[in-house]
Amino acid sequence: MFKVKFMMQKILFYLIFVFSIQGAMASVLSLEEQRKEFLLAQRSIEKGGSPLSFSRDDVLAGYPLYPYIQYQWMVKNLDKTVQIKNFLKYYKDTRYAGLLRHKWQIYLAKHKNWSEYAAQYKKTKNTILQCYYYRAQYNLGAKKQALIGAKKLWVVGQSQPSQCDPVFKVLLKSKYLTQDMLWQRFDSAVTKGKFSVAKYVQGLMSKKDRKVAQLWLNVHSKPSLINNKKLLNNKQAQSGLIFAHGIDRLARKNLEKAIALWDKRKAEFTINQATIRRIEQRLAMSLAYNRDDKAYERLSLLARPDDVAKEWRVRTALRAQNWSGVEKSISALSKEYKKKEKWRYWLARAAENIEKPKVAKFIYSNLAEERSFYGYLSAEKLNKEYQLSNNPIQVAPAMYERFKNKKPFLVVAELIAVEKPREAERQWWYAIKRLDKKQILMAAKYAEELNWKQVAIFTLARAKYWDDVAVRFPMAYKTQVHQNAKKQRLNPAIIFGLIRRESAFKVNAYSPVGARGLMQIMPRTGQQIARELKEKWRGKDGLFNPVTNLKYGSYYYKQLLNQFNGHYALAAAAYNAGPHRVNRWLPNDGSLAADIWIETIPFKETRAYVSAVLTYALIYQKQLKKNILSMKDFMRDVLPK
């Protein structure tokens, strides 16, 4: 016992000594030499060794990546409690403290060290860590608190991690499991399409409730069953919820029938007001998305519409060119929404069409000062020049140098130096979390200096500073852009606008759906383009090559522009959502003003995308000093199918 205690004291003394000499040894080696020592220590850890046993602490103490190398060793030695606690204490302000704590908590839980786990636990949204905490509570005697906490995780409509199973097993045998909980989880599971979970919950129900649950599942598969009064009536438990669920499902296949059934039978069932409001809005919004003439009236009748429904009421009035309805619907928006450029512009358009020219001109004049989609539309209305509003960030050189030498950003610089760009970027976003607006502006300038175009753009956005045009709208890959623009007979500003919106100039950008590179090309599209250009397809990762990506993206946009008769807005929408959807969104009869067509695109992402690409193109034109295209070119009427 004495020997163990002596060894622990020795280790602790050594660690305190190591931490105390940080900075003192930094002058022993140059920065370049420290980098070499860092790489040697890293290779040692990868082979199962330790920077401690190789005595590299001393030479690395004070080196910006010293905490990083210690972290790398500790994640492979999570049983070293003393060292880990010291690290968490001395490096609590680093990114690696949080990462290490997370991994250590998982280790403690797996080894059932519940007292230490509970001591280290911090409130989190991580379900695995939450479940481990409730297990820790239960095993430490706080059984009631553990089961009450576990209830919130159990009622969700999908499977939870296996780490939750032990506490769920106890919950299911306890008094805390209620019938309401069973139905809550069943409802959520069916709504989310998690039928294995729904079946599992059904098996926990009483014989009578299992029959009702089966009816619910049958209605989900065949929603027309809700029209069968013998099968579904108000005498059955949960019938109101089943009816509402059936309406929701039926609306996907036959909206007209769903509305008729809802209006006819909803009074027969006991349905809570929240569900009624949800279904009413669901049906009204479906009419709006389908461009049905009845949408405006249905949206107007909603008892408590949310902001999305209120906006769509404006859009349905726009599509019908019901200008008094547009004005009335905008007046019903919240104060916050009324201030948005979008709705100010449409209020001006309404005023223009209901013979209120002074009101329209006043709004247009104010908007025309803005560098934005609606600002440029307004400027076009008044025949004014588009505003660039360039106001570059001003930073005192001495202050900027001090900023770059702050520890978190020295870490970024070193991670770049040792060729760890992804880790550097993760460190960057961690570092700017605690900065004030002035510091974030300096960070944006530093990101630009590092040639991180996308990071600079997004960092500047964190400060809500929009007027440094050079940072927000860089012109990287200028030679390649101009070459492809010339080849495809495109204005280079359009290509720049597409790149800026798609990837913000991040060459290895990768989307959740698999799009790659500067112009975010899907592999299937890239393969088809390679075939059309009679080029060898070099695999999906070949799309990260900027030369290939810009060639293919420019070619693809030109093909879409040809397909949609030179209409820039339609081609942009097709680039984002696919030409098949754009064809569905075209007017059925009669032409439609392009600004109205864009505003009534069903997909929020595509609406924002089209307006952004067109605006960015005009901004790039200003920078290129070649004002060839205008909003007038972009806003040609959209013709019917």
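Just so we're clear, the structure is a prediction, and the values are computed from it rather than from any experiment.

## What about the overall build of the protein?
Working step 1: When you go through the protein residue by residue, the secondary structure sums to 38 helices and zero strands.
Working step 2: Seen through its C-alpha atoms, the protein measures out along the principal axes to roughly 90 × 75 × 55 Å.
Working step 3: Sequence-distant contacts in the protein: of pairs separated by 6 or more residues, those separated by 24 or more amount to 57%.
Working step 4: Surface summary for the protein: the accessible area is close to 33100 Å², and the carbon and sulfur share equals 51%.

## Here we look at the nonpolar core
Working step 1: Counting 86 residues, the largest nonpolar core has Trp346, Tyr557, Trp597, Leu614, Met631, Phe634 and Met635 as its most contacted members.
Working step 2: If one sorts the elements of this core by residue count, helix 37 (residues 604-624) sits on top with 11 residues.
Working step 3: If near-sequence neighbours (up to four positions away) are discounted, Met635 is found in contact with Phe373, Leu377, Ala594, Asp595, Ile598 and Leu614.

## Looking at the packing of aromatic side chains
Working step 1: Counting across every chain of the model gives 36 aromatic pairs.
Working step 2: Considering the side-chain rings of Tyr121 and Tyr133, the 4.1 Å spacing of their centres and the 5 degrees angle between planes classify their relative orientation as stacked. Here Tyr121 is found in the loop between helix 7 (114-120) and helix 8 (127-139), whereas its partner Tyr133 is found in helix 8, with 12 residues between them in sequence.
Working step 3: Residue class for Tyr121 comes out buried when judged on its relative accessible area of 18%.
Working step 4: Joined through ring pairs, the aromatic side chains of Trp114, Tyr117, Tyr121, Tyr132, Tyr133 and Tyr134 make up one cluster.
Working step 5: A cation over an aromatic ring shows up here: Arg315 above the ring of Trp312, its NZ or CZ 4.9 Å from the ring centre.
Working step 6: It is Arg500 that lies over the ring of Tyr616; its NZ or CZ is 5.0 Å from the centre.

## Some remarks on empty space enclosed by the protein
Unoccupied space between atoms shows up once a probe the size of one water molecule is rolled over them.
Working step 1: All told, the structure shown has one cavity of 30 Å³ or more when counted by the stated rule.
Working step 2: The volume enclosed by the largest cavity comes to roughly 30 Å³.
Working step 3: Taken together, Asn491, Pro492, Gln621, Leu624, Lys626 and Ile628 make up the full set of residues lining the largest cavity.

## Describing the pattern of salt bridges
Working step 1: A complete count under the given rule lists 27 salt bridges for this structure.
Working step 2: For Arg35, the salt bridge identified is with Glu32, shortest N-O distance 3.3 Å. With Arg35 and Glu32 both in helix 2 (residues 31-46), this residue pair falls three residues apart, about one helical turn.
Working step 3: Across the pair Glu401 and Lys404 runs a salt bridge, and its minimum N-O distance is 3.3 Å. With Glu401 and Lys404 both in helix 24 (residues 397-404) and three residues apart, this pair spans about one turn of that helix.
Working step 4: One network of salt bridges, in which partners are shared, links Asp263, Lys266, Glu280 and Arg298.

## Observations concerning the packing of helix 16 (residues 273-289) against helix 18 (residues 307-319)
Working step 1: Running from N to C, helix 16 and helix 18 point in directions that differ by 35 degrees, and their axes come no closer than 10 Å. Once helix 16 is placed against helix 18, the crossing between them reads as left-handed. Side by side, helix 16 and helix 18 meet where Gln281, Met285, Ala288 and Tyr289 of the first sit next to Val308, Ala309, Trp312 and Thr316 of the second.
Working step 2: A class-by-class count of the residues in the contact of helix 16 with helix 18 yields six nonpolar, two polar and no charged.

## Quick look at the state of the cysteines
Working step 1: Evaluated as defined, the whole model comprises one disulfide.
Working step 2: Across the disulfide, Cys131 is cross-linked to Cys164 (sulfur-sulfur distance 1.9 Å). The chirality of the disulfide connecting Cys131 with Cys164 is right-handed, given an S-S dihedral of about 90 degrees. One end of the pair, Cys131, is in helix 8; the other, Cys164, is in the loop between helix 9 (143-154) and helix 10 (165-172), and 33 residues separate them in sequence. Taken as a pair, Cys131 and Cys164 share a single burial class, namely buried.

## Quick notes on the side chain of Arg313
Working step 1: Its place among the elements puts Arg313 in helix 18.
Working step 2: One buried charge, Arg313, has no salt-bridge partner; the nearest side chain with opposite charge is Glu297, at 11 Å.
Working step 3: With residues near it in sequence (within four places) discarded, Arg313 still touches Tyr296, Leu299, Ser300, Lys328, Ser329 and Ala332.

## Things to note about the layout of surface pockets
Working step 1: In this model, the largest pocket occupies a volume close to 970 Å³.
Working step 2: As for the largest pocket, its lining consists of 33 residues, and the residues nearest its centre are Lys342, Phe373, Tyr374, Ala608 and Ser611.
Working step 3: Those elements that place two or more of their residues in the lining of the largest pocket are helix 18, helix 21 (341-353), helix 23 (373-382), helix 36 (594-599) and helix 37.

## Details of helix 21
Working step 1: Its 13 residues give helix 21 an end-to-end C-alpha distance of 19 Å, which sits within 8% of 18 Å, the value for a rise of 1.5 Å per residue.
Working step 2: Among the residues of helix 21, those classed as buried are Trp343, Tyr345, Trp346, Ala348, Arg349, Ala350 and Ala351.
Working step 3: Contacts from the buried residues of helix 21 go to helix 18, helix 19 (323-331), helix 20 (335-338), helix 22 (357-367), helix 23 and helix 36.

## Some thoughts on the environment of Glu370
Working step 1: By the secondary structure assignment, Glu370 is in the loop between helix 22 and helix 23.
Working step 2: With 17 residues separating them along the chain, Glu370 and Gln387 place their C-alpha atoms 6.3 Å apart.

## Quick word on unusual backbone geometry
Working step 1: Even without a glycine there, the phi angle at Ser389 is positive, about 50 degrees.
Working step 2: Here Ser389 shows up in the loop between helix 23 and helix 24.
Working step 3: Note on Ser389: relative accessible area 28%, which makes it partly exposed.
Working step 4: The phi dihedral of Gln520 is positive, around 45 degrees, even though this residue is not glycine.
Working step 5: Relative to the helices and strands, Gln520 is located in the loop between helix 31 (492-502) and helix 32 (523-532).

Definitions and cut-offs
- Residues numbered from 1 in each chain as written.
- Predicted model: local features only at pLDDT ≥ 70, side-chain atom pairs only at ≥ 80, totals over all residues.
- Heavy atoms only, no water.
- Helix = DSSP H or I, 4+ residues; strand = E, 2+ residues; numbered from the N terminus.
- Contact = heavy atoms within 4.5 Å.
- Areas by Shrake-Rupley, 256 points an atom, 1.4 Å probe, with all protein chains shown as cover.
- Core = buried A, V, L, I, M, F, W, Y, C linked by side-chain atoms within 4.5 Å.
- Buried < 20%, exposed > 50% of the residue type's maximum accessible area, 1.4 Å probe, protein only.
- Phe/Tyr/Trp six-rings, centres within 6.5 Å; stacked < 30°, edge-to-face > 60°.
- Lys NZ or Arg CZ within 6 Å of the ring centre and 35° of its normal.
- 1 Å grid on protein atoms, 1.4 Å probe; cavity = no way out; pocket = protein on both sides within 12 Å on 5 of 7 lines; lining within 4 Å.
- Points joined across faces, edges and corners; volume = space filled by probe spheres on them.
- Salt bridge = Lys/Arg side-chain N within 4 Å of Asp/Glu carboxyl O.
- Axes fitted to C-alpha atoms, helices over the stretch in contact; angles between N-to-C directions.
- Left-handed = near helix turned anticlockwise from the far one by under 90°.
- Nonpolar A, V, L, I, M, F, W, Y, C, P; charged D, E, K, R; others polar.
- Disulfide = S-S within 2.5 Å.
- Lys, Arg positive; Asp, Glu negative; His and termini not counted.
- Expected span 1.5 Å × (residues − 1).

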